[in-house]
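Here is what each chain is made of, one letter per residue.
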Amino acid sequence: MLEDSWFGRIAAAEGLFVVDERQRIVHWSSAAQRILGFSPEEVTGQPCYLALMGREPTGHPVCRQNCQVIANARRGRGTASYEVIASGRDGIGRCVGISVLVLGGLKKRSFRVLHLFREIGRRPFERSSDTAPRAETRPPVEHLTRRELQVLRLFAAGSTNAEVAEALHISAYTARNHVASIQRKLGARNRLEIVLLSMRAGLL
């Protein structure tokens, strides 16, 4: 296994976070907290795609389970620098540029992915406007909370209520209530329609 304790000794003016092969955050720097607002205690152990919730300006998710960065890392490859609109703790999206470094472990499938990021420009991007889909053919959707968007991503990836609860450290009852709220806001009749309507609305 890789030893994660030494990441805290890395000095960087840019935000830094490190994930393991399961996309779990194992280190979150003070600069990362300054840029996005989350403390290390809030995000350590959480899936990185649920912390950043990075999207393209059109609203299409970039940060997701088994993203291209992780897929490349599993093959021992790096990923070119990229830009996303990451959601801060205050719910405001910020355009950040991310550079990636892959560190291989002693075991065949053990690795860590270091992400260095900085905010680009001065104007923040509001999730409700800049990151929302603009196509007129998409039906209006009642605003989903940040937690509901996290639940939606896990749910669309095939997670059960119990698995959603475990990933987000909430009860199965709370996870079920979030799914019910999402279904109501989307106007979906069943769970299949939740995914289909979410895709049509640009949420997935």
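My aim in this report is to walk through the structure given alongside it, one point at a time. Quantities reported herein were computed from a predicted structural model and do not represent experimental measurements. (Residues numbered from 1 in each chain as written. Predicted model: local features only at pLDDT ≥ 70, side-chain atom pairs only at ≥ 80, totals over all residues. Heavy atoms only, no water.)

Close contact between helix α7 (residues 172-186) and helix α8 (residues 191-200) brings their axes to 10 Å; oriented N to C, the two are set at 60°. Classed by the angle they form, the pair α7 and α8 counts as oblique. Seen from above, α7 lies across α8 with left-handed handedness. Across the interface between the two elements, Val-179, Ile-182, Gln-183 and Leu-186 from α7 touch Arg-191, Ile-194, Leu-197 and Ser-198 from α8. Residues that form the contact of α7 with α8 fall into these classes: five nonpolar, two polar and one charged. (Axes fitted to C-alpha atoms, helices over the stretch in contact; angles between N-to-C directions. Helix = DSSP H or I, 4+ residues; strand = E, 2+ residues; numbered from the N terminus. Parallel < 35°, antiparallel > 145°, perpendicular 65-115°, else oblique. Left-handed = near helix turned anticlockwise from the far one by under 90°. Contact = heavy atoms within 4.5 Å. Nonpolar A, V, L, I, M, F, W, Y, C, P; charged D, E, K, R; others polar.)

The N-to-C vectors of helix α5 (residues 146-156) and α8 enclose an angle of 110°; their axes lie 11 Å apart at closest approach. Between α5 and α8, the crossing angle belongs to the class labelled roughly perpendicular. Between α5 and α8 the crossing geometry is left-handed. Across from Leu-152, Phe-155 and Ala-156 in α5, the residues of α8 making contact are Arg-191, Ile-194, Val-195 and Ser-198. Of the residues contributing to the contact of α5 with α8, the split by class is five nonpolar, one polar and one charged.

Time to look at the environment of Ser-99. By the secondary structure assignment, Ser-99 is in strand β4 (residues 92-104). For Ser-99, a relative accessible area of 32% translates into the label partly exposed. Among the polar contacts listed, one links the side chain of Ser-99 to the side chain of Ser-81, at a separation of 3.1 Å. (Buried < 20%, exposed > 50% of the residue type's maximum accessible area, 1.4 Å probe, protein only. Polar contact = N/O pair within 3.5 Å; in protein donor to acceptor, adjacent residues only side chain to side chain.)

Working definition of a disulfide: a covalent bond connecting the sulfur atoms of two cysteines. Counted by the stated rule, this structure contains zero disulfides. The cysteine Cys-48 is free of any disulfide, with Cys-67 supplying the nearest cysteine sulfur at 6.0 Å. The exposure class of Cys-48 is buried, given its relative accessible area of 10%. (Disulfide = S-S within 2.5 Å.)

Another point: the nonpolar core. Grouped together as the largest cluster of nonpolar side chains are 48 residues, with contacts concentrated most on Trp-28, Leu-36, Leu-52, Ile-98, Val-113, Phe-117 and Ile-194. Here Ile-194 is in contact with Leu-152, Phe-155, Val-179, Ile-182, Gln-183, Leu-186 and Ala-188, once residues within four sequence places are set aside. (Core = buried A, V, L, I, M, F, W, Y, C linked by side-chain atoms within 4.5 Å.)

It is worth spelling out the pairing of strand β1 (residues 15-20) at this point. The two faces of a sheet get side chains in turn, since along a regular strand they alternate between them. For β1, a buried count of six out of six residues is recorded, marking the element as mostly surrounded by other parts of the structure. Judged by which residues are buried, β1 turns out to be covered on both faces: Gly-15, Phe-17 and Val-19 on one side and Leu-16, Val-18 and Asp-20 on the other are all buried. Two strands pair when backbone bridges link them, and β1 and strand β5 (residues 111-119) are joined in this way by six bridges, in the antiparallel orientation. Paired with Leu-16 across the strands is Leu-116, a residue of β5. With three bridges connecting them, β1 and strand β2 (residues 25-28) associate as antiparallel partners. Bridged to Val-18 within β2 is His-27. Following β1, the chain reverses through four residues before pairing antiparallel with β2; Gln-23 in that reversal takes a positive phi of roughly 65°. (Pairing = 2+ DSSP bridges.)

It is worth spelling out the environment of Gln-183 at this point. Structurally, Gln-183 can be placed in helix α7. By relative accessible area, Gln-183 is classed as partly exposed at 22%. Counting along the chain gives 31 residues from Gln-183 to Leu-152, while the straight-line C-alpha distance between them is 9.7 Å. Once you skip the residues sitting within four places of it in the chain, Gln-183 turns out to touch Ala-188, Arg-189, Asn-190 and Ile-194.

Glancing now at the pattern of salt bridges. Going through the model one piece at a time under the given rule, you end up with six salt bridges. As a salt-bridge pair, Arg-112 and Glu-21 come within 3.0 Å of each other at their nearest N and O atoms. Of this pair, Arg-112 sits in strand β5 while Glu-21 sits in the loop between β1 and β2, and the two are 91 residues apart along the sequence. Overall, Glu-21 belongs to the buried group, its relative accessible area being 19%. Among the ionic pairs, Lys-185 bridges to Glu-148, the shortest N-O distance being 2.8 Å. (Salt bridge = Lys/Arg side-chain N within 4 Å of Asp/Glu carboxyl O.)

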